[in-house]
Amino acid sequence: MSRSTKLFETYKLGPITLANRLVMAPLTRNRAVPGTFVPGALAADYYGQRASAGLLITEASQVSQQGQGYQDTPGIYSKDQVAGWRKVTDKVHARGGKIFIQLWHVGRISHVDLQANGAAPVAPSAIRAKGKTFVNGGFADVSEPRALELSEIPGIIDDFRRATKNALEAGFDGVEIHGANGYLLEQFAKDGTNKRTDAYGGSIENRARLMLEVSKAVVAEAGAEHTGIRISPVTPANDISDSNPQALYDHIVDGLSALKLVYLHVVEGATGGPRDIAPFDYAALRKRFAGAYVANNGYDFDLATKVLDANAADLIAFGKPFISNPDLVERLKQGAALNDWDKNTFYGGGAKGYTDYPTLAAEPAE
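Residues numbered from 1 in each chain as written. Predicted model: local features only at pLDDT ≥ 70, side-chain atom pairs only at ≥ 80, totals over all residues. Heavy atoms only, no water.

### Observations regarding the nonpolar core
- Core analysis: the largest hydrophobic core is formed by 80 residues, its most contacted members being Leu 7, Leu 22, Tyr 47, Leu 210, Leu 264, Ile 316 and Phe 318.
- Considering each element in turn, this core owes the most residues, eight residues, to helix α5 (residues 204-222).
- Within the second largest apolar cluster, 15 residues are counted, among which are Ile 16, Leu 18, Tyr 263 and Leu 315. (Core = buried A, V, L, I, M, F, W, Y, C linked by side-chain atoms within 4.5 Å. Buried < 20%, exposed > 50% of the residue type's maximum accessible area, 1.4 Å probe, protein only. Helix = DSSP H or I, 4+ residues; strand = E, 2+ residues; numbered from the N terminus.)

This is the structure:
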């Protein structure tokens, strides 16, 4: 029995047509080749298995070594990384899928052991985050950051631009800028982490500047119709906070809409936690933004259906269910049971808990 809802309708996202309205959210898996941070052979299998999603968004991928914050996360700044990603996009496209890469700079959520010559991670201000990162095979406190010099900011913007160029060379259908979850662009935007007194600090306009300048640079390289962004207005992830998130994000979204980005991917509530952690008017963002609205955080079939029917979102991102259900689209369509995920294999390791979850077709009949 196939369930018929808007979730399984095609959707035109800029120049590409998605087979359905399910988006696979970016999910960090820490399985790139150590030292080179090239996505390995298993990554092509993993994304290829999930190509029935309307749109796949890759795990966050650092735009430079400085942008890395966790062990064995893939990069998109070297020729070898581009070649590794090309195998991923080829496999996804061979199976009829569409795939964007998420571009990442972690800012202060890093560790000296991941930085060139053991340097301090960078941030808008020298404020250490209360939190841990995954490094040297385990979890460790993040390192004390240093504040970026004004003269270094153009270089960061250029890293995003170069990563975008690399992503297109690797065959991606587009890129998603990571402006969420307490990483660099959000660290600049929010006043809990940004205490600067120059052109990138103080007022909402100044704090939002880096996110909008990065977006402008990425759009110049990829085209607005191939550029999305992820934001998380009220998440406390990675020790992030803002005193007036509604005003801040109303301003940011106006700027993103003016740049004509193809989608706005919004983490509603606390990343991976309660959706109602703080009051926020997401509908206001949707009204302000001309492109597609991708809703994310704790969605299941019923909530997705309800939100799409109410026209409160255009696309729905699913995270953890895609880890354990390569054929999530088909399972939801049939109302079939979902595989449980194994938390112990989320980060690092090999095929176990990565490419070995069964599909319905592979399961014996009852």
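### What to know about the UniProt feature "domain: NADH:flavin oxidoreductase/NADH oxidase N-terminal" (unreviewed entry) in the chain
- When the UniProt feature table is mapped onto this chain numbering, "domain: NADH:flavin oxidoreductase/NADH oxidase N-terminal" (unreviewed entry) sits at residues 6-339.
- In the segment residues 6-339, helix accounts for 33% and strand for 18%; the C-alpha atoms at its two ends are 23 Å apart. (UniProt positions renumbered as here; feature names shortened; annotations may be inferred.)

### Side note on the pattern of salt bridges
- Evaluated as defined, the whole model comprises 20 salt bridges.
- Its salt-bridge partner being Asp 159, residue Arg 162 comes within 3.2 Å of it at the nearest N-O pair. You can see Arg 162 and its partner Asp 159 sitting in helix α3 (residues 153-169), three residues apart, about one turn around the helix.
- As a salt-bridge pair, Lys 165 and Glu 169 come within 3.7 Å of each other at their nearest N and O atoms. One end of the pair is Lys 165 and the other is Glu 169, both in helix α3 and four residues apart, which spans about a single turn.
- When its relative accessible area of 39% is taken as the criterion, Lys 165 is described as partly exposed.
- Three or more residues are tied together by salt bridges with common partners; here these are Asp 158, Asp 159, Arg 161, Arg 162 and Glu 221. (Salt bridge = Lys/Arg side-chain N within 4 Å of Asp/Glu carboxyl O.)

### A word on the packing of aromatic side chains
- This structure, assessed with the given rule, holds 14 aromatic pairs.
- Judged by centre distance (6.3 Å) and plane angle (25 degrees), the rings of Phe 8 and Phe 301 are stacked. Of this pair, Phe 8 sits in the segment before β1 (11-13) while Phe 301 sits in helix α8 (residues 301-309), and the two are 293 residues apart along the sequence. Phe 301 shares its class with Phe 8; the two are buried.
- Note on Tyr 249 and Phe 280: the rings are 6.5 Å apart at their centroids and 80 degrees apart in plane angle, and the pair reads as edge-to-face. Note that Tyr 249 is positioned in helix α6 (residues 245-258) and Phe 280 in the loop between β12 (263-267) and α7 (282-288), a separation of 31 residues in sequence.
- Residue classification places Tyr 249 among the buried positions, given a relative accessible area of 0%.
- Judged by its relative accessible area of 14%, Phe 280 falls in the buried class. (Phe/Tyr/Trp six-rings, centres within 6.5 Å; stacked < 30°, edge-to-face > 60°.)

### Overview of the pairing of strand β4 (residues 55-62)
- Among the eight residues in β4, eight count as buried, and that is most of the element.
- Note that strand β3 (residues 22-24) and β4 share two bridges and pair parallel. The partner of Met 24 across the bridge, within β4, is Leu 56.
- Relative to strand β5 (residues 99-104), β4 runs parallel, the two being bridged by five bridges. (Pairing = 2+ DSSP bridges.)

### Details of the side chain of Ser 143
- Secondary-structure assignment places Ser 143 in the loop between β8 (138-141) and β9 (146-147).
- Reaching out from Ser 143, the side chain makes a polar contact with the backbone nitrogen of Val 112 at a distance of 3.0 Å.
- When neighbours within four sequence positions are excluded, Ser 143 is seen to be in contact with Arg 108, Ser 110, His 111, Val 112, Pro 121 and Arg 128. (Polar contact = N/O pair within 3.5 Å; in protein donor to acceptor, adjacent residues only side chain to side chain. Contact = heavy atoms within 4.5 Å.)

### Quick notes on the sheet that holds strand β13 (residues 292-296)
- Within the closed barrel, the eight strands sit side by side as β3-β4-β5-β10-β11-β12-β13-β14. Their pairing is parallel. Ignoring strand direction, the axes of neighbouring strands in this sheet form an average angle of 25 degrees.
- Here α3 sits on the sheet in contact with β5 and β10 (174-179), set at roughly 160 degrees to β5. (Axes fitted to C-alpha atoms, helices over the stretch in contact; angles between N-to-C directions.)

### Considering helix α1 (residues 41-49)
- Of the positions making up α1, those classed as buried are Ala 43, Ala 44, Tyr 46, Tyr 47 and Gly 48.
- Those residues of α1 that are buried are in contact with β3, β4, α2 (79-94), β5 and α9 (320-324).

### Considerations on unusual backbone geometry
- Here the phi dihedral of Asn 30 falls at roughly 55 degrees; this positive angle occurs in a residue that is not glycine.
- Along the polypeptide, Asn 30 turns up in the loop between β3 and α1.
- Residues other than glycine seldom take positive phi values, yet Asn 181 does so here, at roughly 55 degrees.
- By the element assignment, Asn 181 lies in the loop between β10 and α4 (184-189).

### A word on the environment of Arg 29
- Residue placement: Arg 29 occurs in the loop between β3 and α1.
- For the pair Arg 29 and Arg 95, spaced 66 residues apart in sequence, the C-alpha to C-alpha distance is 22 Å.
- Engagement of the side chain of Arg 29 in a polar contact is seen with the side chain of Tyr 46, the distance being 3.3 Å.

### So, the environment of Phe 8
- Of the residues examined, Phe 8 reaches a relative accessible area of 12% and is grouped as buried.
- Sequence separation between Phe 8 and Ala 317 is 309 residues; the distance between their C-alpha atoms is 13 Å.
- With residues up to four places along the chain from it excluded, the contact list for Phe 8 reads Arg 3, Ala 19, Asn 20, Leu 22, Phe 301, Val 329, Leu 332 and Lys 333.

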